[in-house]
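Residue strings, one per chain:
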Amino acid sequence: MKWRLFPSFEHCEAADLLVFPFWEEGREAAELSSFKKWLEPLLKTGDFKGKQGETLLHYGGDGSRLLLLGLGKRASISVELLRRSFAAAVRAARVRSAKRVHFVFPEIENLELNEVLRALFEGVFLANYAFVRLKGEASRKEHPAALIEQVGLVGLAEDDAKRLKTWEEICT
């Protein structure tokens, strides 16, 4: 799986799915002002609570897909809970055969940047796996594993690439 960094949405390339993190309190875990007009109606329905690992998929009028991802309660966030939440987003993306997925990087005050990067990489890279070696050739052709091919991280600068490379090496 390849990954790319995008400092903001203006610099993003096209994706099959955009993942937006939210706290259980219904508050954004990142700067999402450019998507407010799409996100506010979804949150007002009450269908999405932001619980840890909860996901809600929304199809935009232009064919885009937005995935709301619950991180749980802000006060009790940990590396493990973040990892599980990101893994839930990967499962939701794989079910929909999304090949290019952009994650909006969450702003988490009580964890160091390196810990958040670790949780993201462990959740995304380790959940994006399919053991198909023992499947028959016909089965592999008929039901190929739907894996994410490219991950975009929105909200990170190029300076963070070195840290990301470290976690990529550990997870792969």
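As a starting point, this report considers the structure included with it. Every value quoted in this text rests on a predicted model; they were computed, and no experiment measured them.

Cut-offs used in this document
Residues numbered from 1 in each chain as written. Predicted model: local features only at pLDDT ≥ 70, side-chain atom pairs only at ≥ 80, totals over all residues. Heavy atoms only, no water. Helix = DSSP H or I, 4+ residues; strand = E, 2+ residues; numbered from the N terminus. Rg over C-alpha atoms; globule rule 2.2 N^0.38 Å. Buried < 20%, exposed > 50% of the residue type's maximum accessible area, 1.4 Å probe, protein only. Contact = heavy atoms within 4.5 Å. Areas by Shrake-Rupley, 256 points an atom, 1.4 Å probe, with all protein chains shown as cover. Salt bridge = Lys/Arg side-chain N within 4 Å of Asp/Glu carboxyl O.

1. With respect to the overall build of the chain
When you go through the chain residue by residue, the secondary structure sums to five helices and six strands. In terms of C-alpha radius of gyration, the chain reaches 16 Å, essentially the compact-globule figure of 16 Å for 172 residues. With respect to the principal axes defined by its C-alpha atoms, the chain has extents near 45 × 35 × 30 Å. Expressed as a percentage of its 172 residues, the buried residues of the chain come to 42%. Considering only contacts in the chain between residues 6 or more positions apart, those separated by 24 or more positions represent 70%. Carbon together with sulfur atoms contributes 50% to the accessible area of the chain, which is approximately 9,400 Å² in total.

2. Digging into the pattern of salt bridges
In this structure the tally under the stated criterion is six salt bridges. In this structure, Arg84 engages Glu80 in a salt bridge whose closest nitrogen and oxygen atoms are separated by 2.8 Å. Of the two residues, Arg84 and Glu80 both sit in helix α2 (residues 79–95), four residues apart, roughly one turn of that helix. For Arg84, a relative accessible area of 43% puts it in the partly exposed group. We classify Glu80 as partly exposed; its relative accessible area is 33%. Beyond isolated ion pairs, a larger network of salt bridges with shared partners links Glu80, Arg83 and Arg84.

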